[in-house]
Amino acid sequence: MTQLIEVGHLFSQHSLNTYVRCPRRFLLKYIDRQPWPMPEGEEPLSYQEHLRRGRVFHQWLAREHFGLDMAPTVAACDDPQLKTWWEAARGFDRDALPADLREAELPIIVPIGDYRLYARYDYLALDIGGDAVIVDWKTLEVRPFMRTLQSRMQTRVYLYTLVAAGQVLTQGRPISPDRAQMLYWFSNYPDESAVIPYSRVAFERDRQYLSDLVREIASQPREAFGCTENMRLCAHCNYRSLCRREAGEPSGGEDGWLDEDIDFELDVKEVPELEY
């Protein structure tokens, strides 16, 4: 059997979530590196516009953190939705967050068994020996339920990697799982942030789950990467024409592949490896 995934392969919350939802998309996107076919019809083009807007919004927030004056950029923007999101973000109180270390668009890689796990935090704020908060800016049209946020792959990967990399991020002091949390802020629901606490039990649970998952993926033969049975996931998937599938109607709370698609392209050469 040909080994599709070699030792040292880099996984991310996006690739793991993709495998869980649709192994076929995982194979096409992360193994075969298949270029996207052209979007079909008006609705996919609208989706692409949402992706563009979300990427710009994340870039604006990161540039503001790095000290750039964003006022001229925002004033020159002719996108009313972007301006609405930006004004909503002005009301987010960053001063209430831990202050010893604050980083925007922070990428890290931690080992997980024979493989590697990548995460990039929209915003990280922590106190040495104290609280550590990952802030994630969300531009979803529908706010997910709390139970969905608690169980989502991003929450598990981000909080796990934060604790696993704690003493590297703080230059010596570990981050206690009980002092770590994930804060989701929603541009379309700015007063309805969601805070997900962590714990030692959750950390050990996630370590086992993520380790088992990457081993499972790495051991699969090519024919095991089949299409999802949830046809609604095909609605926003640009690979669906390759699978010769008719897309189902997305459910009202379905965000499709928005989080994965909106993320910036990963350049692994720019991400420092964490040593243990």
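Here the structure is shown first, and the text comes after it.
The structure reproduced in this document is the subject of the present report. (Residues numbered from 1 in each chain as written. Predicted model: local features only at pLDDT ≥ 70, side-chain atom pairs only at ≥ 80, totals over all residues. Heavy atoms only, no water.)

### Topic: the packing of helix α1 (residues 13-21) against helix α9 (residues 200-218)
Running from N to C, α1 and α9 cross one another at 70°; their axes reach a closest spacing of 11 Å. As summarised for this structure, α1 and α9 are arranged roughly perpendicular, according to the angle between their axes. Of the two elements, α1 crosses α9, and the hand of that crossing is left-handed. Between α1, through Leu16, Tyr19 and Val20, and α9, the contact on the second element is made entirely by Tyr209, Leu210, Leu213, Val214, Glu216 and Ile217. A breakdown of the residues in the contact of α1 with α9 according to their chemical character gives 8 nonpolar, no polar and 1 charged. (Axes fitted to C-alpha atoms, helices over the stretch in contact; angles between N-to-C directions. Helix = DSSP H or I, 4+ residues; strand = E, 2+ residues; numbered from the N terminus. Parallel < 35°, antiparallel > 145°, perpendicular 65-115°, else oblique. Left-handed = near helix turned anticlockwise from the far one by under 90°. Contact = heavy atoms within 4.5 Å. Nonpolar A, V, L, I, M, F, W, Y, C, P; charged D, E, K, R; others polar.)

### Here we look at the nonpolar core
Membership of the largest hydrophobic core comes to 48 residues, with the highest contact counts inside it found for Phe11, Leu16, Phe26, Leu117, Tyr121, Leu162 and Ile217. For this core, the element with the highest residue contribution is helix α7 (residues 153-164), accounting for 8 residues. With sequence-adjacent residues up to four places away left out, Tyr121 is seen in contact with Ala104, Glu105, Leu106, Ile108, Ile134, Tyr158, Thr161 and Leu162. Counting residues in each nonpolar core, the second largest holds 23 residues, with Trp60, Ala62, Met70 and Leu183 among its members. (Core = buried A, V, L, I, M, F, W, Y, C linked by side-chain atoms within 4.5 Å. Buried < 20%, exposed > 50% of the residue type's maximum accessible area, 1.4 Å probe, protein only.)

### Focus on the packing of aromatic side chains
One pass over the full model with this rule turns up 13 aromatic pairs. For the pair Tyr19 and Phe225, a centre-to-centre distance of 6.0 Å together with 70° between the ring planes defines the contact as edge-to-face. Within this pair, whereas Tyr19 is found in helix α1, its partner Phe225 is found in the loop between α9 and α10 (240-243), the two being separated by 206 residues in sequence. For Phe225, a relative accessible area of 4% corresponds to the buried category. Note on Trp60 and Trp86: the rings are 5.6 Å apart at their centroids and 90° apart in plane angle, and the pair reads as edge-to-face. Residue Trp60 is located in helix α3 (residues 42-65), and its partner Trp86 is located in helix α5 (residues 80-89); the two are separated by 26 residues in the primary sequence. Trp60 gets classed as buried once you look at its relative accessible area, which sits at 4%. Each residue in the set Phe57, Trp85, Phe92, Tyr123, Trp137 and Trp185 is aromatic and connected to the rest through ring pairs, giving one cluster. Directly above the aromatic system of Tyr123 lies the positively charged group of Arg94, at a separation of 4.8 Å from the ring centroid. Over the ring of Tyr209 we find Arg156, and its NZ or CZ is 4.2 Å from the ring centre. (Phe/Tyr/Trp six-rings, centres within 6.5 Å; stacked < 30°, edge-to-face > 60°. Lys NZ or Arg CZ within 6 Å of the ring centre and 35° of its normal.)

### Some words on the environment of Arg173
By secondary structure assignment, the location of Arg173 is in the loop between α8 (166-169) and β5 (180-186). For Arg173, a relative accessible area of 46% translates into the label partly exposed. Note: C-alpha distance between Arg173 and Gly129 (44 residues apart in sequence) is 6.2 Å. Beyond its immediate stretch of four places on either side in the chain, Arg173 contacts Ile128, Gly129, Gly166 and Gln167.

### Side note on the pairing of strand β2 (residues 101-112)
Among the 12 residues in β2, 9 count as buried, and that is most of the element. Summarising the sheet, β2 and strand β3 (residues 115-126) pair through 11 bridges and their orientation is antiparallel. Across the sheet, residue Glu103 finds its bridge partner in β3, namely Leu124. (Pairing = 2+ DSSP bridges.)

### Thoughts on the pattern of salt bridges
Counted by the stated rule, this structure contains 16 salt bridges. One salt bridge in this structure joins Arg94 and Glu64, with 3.4 Å as the shortest N-O distance. Of the two residues, Arg94 sits in the loop between α5 and β2 while Glu64 sits in helix α3, which places them 30 residues apart along the sequence. Among the residues examined, Glu64 registers a relative accessible area of 25% and is labelled partly exposed. As a salt-bridge pair, Lys138 and Asp136 come within 2.7 Å of each other at their nearest N and O atoms. (Salt bridge = Lys/Arg side-chain N within 4 Å of Asp/Glu carboxyl O.)

### A short note on the environment of Trp86
Judged by relative accessible area, Trp86 falls into the buried class, the value being 6%. Remark: the alpha-carbon pair of Trp86 and Ser187, spanning 101 residues in sequence, is separated by 8.1 Å.

### Describing α5
Within the span of α5, buried status applies to Leu82, Trp85, Trp86, Ala88 and Ala89. Along the axis of α5, the buried positions cluster into a sector of 160°, meaning they face one direction only. Exposed side of α5, more than 90 degrees from the buried face: Pro80 and Glu87 are the residues found there. Its side-chain oxygen placed 2.9 Å from the backbone nitrogen of Gln81, Asp79 serves as the N-cap of α5. (Arc of directions from axis to C-beta. Polar contact = N/O pair within 3.5 Å; in protein donor to acceptor, adjacent residues only side chain to side chain.)

### Notes on the side chain of Lys138
Following the sequence through the fold, Lys138 ends up in strand β4 (residues 132-138). With a relative accessible area of 4%, Lys138 lands in the buried category. Among the polar contacts made by the side chain of Lys138, one reaches the side chain of Gln154 at a distance of 2.8 Å.

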